[in-house]
Amino acid sequence: MTLERLKAQLVACSHKIAFRGWVANHDGNLSARLPDGRFLATPTAVHKGDVDHTMLVVIDESGAVLEGSRRIFSEWELHRAIYRARPDVQAVVHAHPPYATACAVAGFSLAVPVMVEPVVSLGVGIPSVPFFMPKSDHGLATVAEASTRADAVIIEGHGPLAFGPSLETAYLRMELVEHQAKIQTIARSLGGARPLPEEALQPLLDARVKGGLAAPQEAKVVSSDPALSTLIARIVAEEIAGT
Ligand SMILES: [Zn+2]
């Protein structure tokens, strides 16, 4: 894909995030990995609905701007933590969509799988990490670790990040996170969402690996660990206990 085409995609995703109501003020940021190891990113201090291709910046991994006249957003370290932990990830999207962010600020976990499709598309659940101050090394390490278990992460007291092999996929995963959060919020008023049966998880995770959707670490676990269902059961039990 040419740089011009990628810029057009980044602008389109930025506008979609704005028009979906997933950001306010200058919230949200998007980036994509370039084949030469640099990154294309949205600039700081611009509403995502107003971003155009002339405003985008090309940065190195440290966040230094190599091309463009604007500054990089201050949450670049969040994106970088995921790119480092997930060499397969080519794009990261961060926004504050209302339902997912409501779950983040309320400490309501989305880590327990309650529907089939998100398990295949995102992983066994959407992990949350505790709130941390921006640029905290420990906090960034928790995001990096969580990113190896699923294709989206929620930072408590902050909001979600979604990522994948393309900008479009990262955007769609953010949509799925928000949709899940909305469904689970509504389900709470009906008595709460019920976890998927444990025996449903392994076939879904197998489908995820077969579909090439799993993080490399997940694929390794599925293919080499015959006790995975026990592991998943433990993770689910821990997450239920933590909610
Ligand atoms: Zn943020």
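Conventions used here
- Residues numbered from 1 in each chain as written.
- Predicted model: local features only at pLDDT ≥ 70, side-chain atom pairs only at ≥ 80, totals over all residues.
- Heavy atoms only, no water.
- 1 Å grid on protein atoms, 1.4 Å probe; cavity = no way out; pocket = protein on both sides within 12 Å on 5 of 7 lines; lining within 4 Å.
- Points joined across faces, edges and corners; volume = space filled by probe spheres on them.
- Helix = DSSP H or I, 4+ residues; strand = E, 2+ residues; numbered from the N terminus.
- Nonpolar A, V, L, I, M, F, W, Y, C, P; charged D, E, K, R; others polar.
- Salt bridge = Lys/Arg side-chain N within 4 Å of Asp/Glu carboxyl O.
- Buried < 20%, exposed > 50% of the residue type's maximum accessible area, 1.4 Å probe, protein only.
- Donors = N, O, S within 2.8 Å, 3.2 Å for Na, K, Ca; no water.
- Tetrahedral: all angles 85-135°; square planar, octahedral: opposite > 155°, others 65-115°.
- Core = buried A, V, L, I, M, F, W, Y, C linked by side-chain atoms within 4.5 Å.

## A word on empty space enclosed by the protein
Right, on to step 1. In the structure shown here, the tally under the stated rule is one cavity of 30 Å³ or more.
Right, on to step 2. In this model, the largest cavity occupies a volume close to 90 Å³.
Right, on to step 3. Around the largest cavity, the lining comprises 14 residues; the ones closest to its centre are Leu110, Pro118, Gly125, Ile126 and Gln180.
Right, on to step 4. Elements represented by at least two residues in the lining of the largest cavity include exactly helix 4 (116-122) and helix 6 (167-188).
Right, on to step 5. Looking at the lining of the largest cavity element by element, the count peaks at three residues for helix 4.
Right, on to step 6. In terms of residue class, the lining of the largest cavity is made up of 10 nonpolar, four polar and no charged.

## Thoughts on the pattern of salt bridges
Right, on to step 1. Overall, the coordinates contain 12 salt bridges when judged by the stated rule.
Right, on to step 2. Salt-bridge contacts for Arg38 lead to Glu67; the nearest nitrogen and oxygen are separated by 3.0 Å. Here Arg38 is found in the loop between strand 1 (29-33) and strand 2 (39-41), whereas its partner Glu67 is found in strand 4 (residues 65-67), with 29 residues between them in sequence.
Right, on to step 3. Assessed through its relative accessible area of 35%, Glu67 is described here as partly exposed.
Right, on to step 4. Between Asp151 and Arg208 there is a salt bridge, and its shortest N-O distance comes to 2.9 Å. Taken together, the positions of Asp151 in the loop between helix 5 (137-147) and strand 7 (152-155) and Arg208 in helix 7 (residues 198-210) put the pair 57 residues apart, joining distant regions of the chain.
Right, on to step 5. Given a relative accessible area of 0%, Arg208 falls into the buried group.

## Looking at the coordination of the zinc ion
Right, on to step 1. Distances from the zinc ion to its protein donors, namely Glu75 (OE), His94 (NE2), His96 (NE2) and His158 (NE2), fall within the range 2.1 to 2.5 Å.
Right, on to step 2. For the zinc ion, the four donor atoms are set out with angles of 75 to 162 degrees between them, so the coordination reads as irregular.
Right, on to step 3. For His94, a relative accessible area of 0% gives the class buried.
Right, on to step 4. For His158, a relative accessible area of 19% puts it in the buried group.

## With respect to the nonpolar core
Right, on to step 1. Ile17, Leu40, Leu110, Ile126, Leu167 and Val177 are the most contacted members of the largest nonpolar core, which totals 37 residues.
Right, on to step 2. Among the elements of the structure, helix 1 (3-19), strand 1, strand 5 (91-94), helix 3 (98-106), strand 7 and helix 6 are those that each provide at least two residues to this core.
Right, on to step 3. In terms of residues, this core owes the most to one element, helix 6, which gives seven residues.
Right, on to step 4. Grouped together as the second largest cluster of nonpolar side chains are 23 residues, Phe73, Trp76, Tyr83 and Val129 included.

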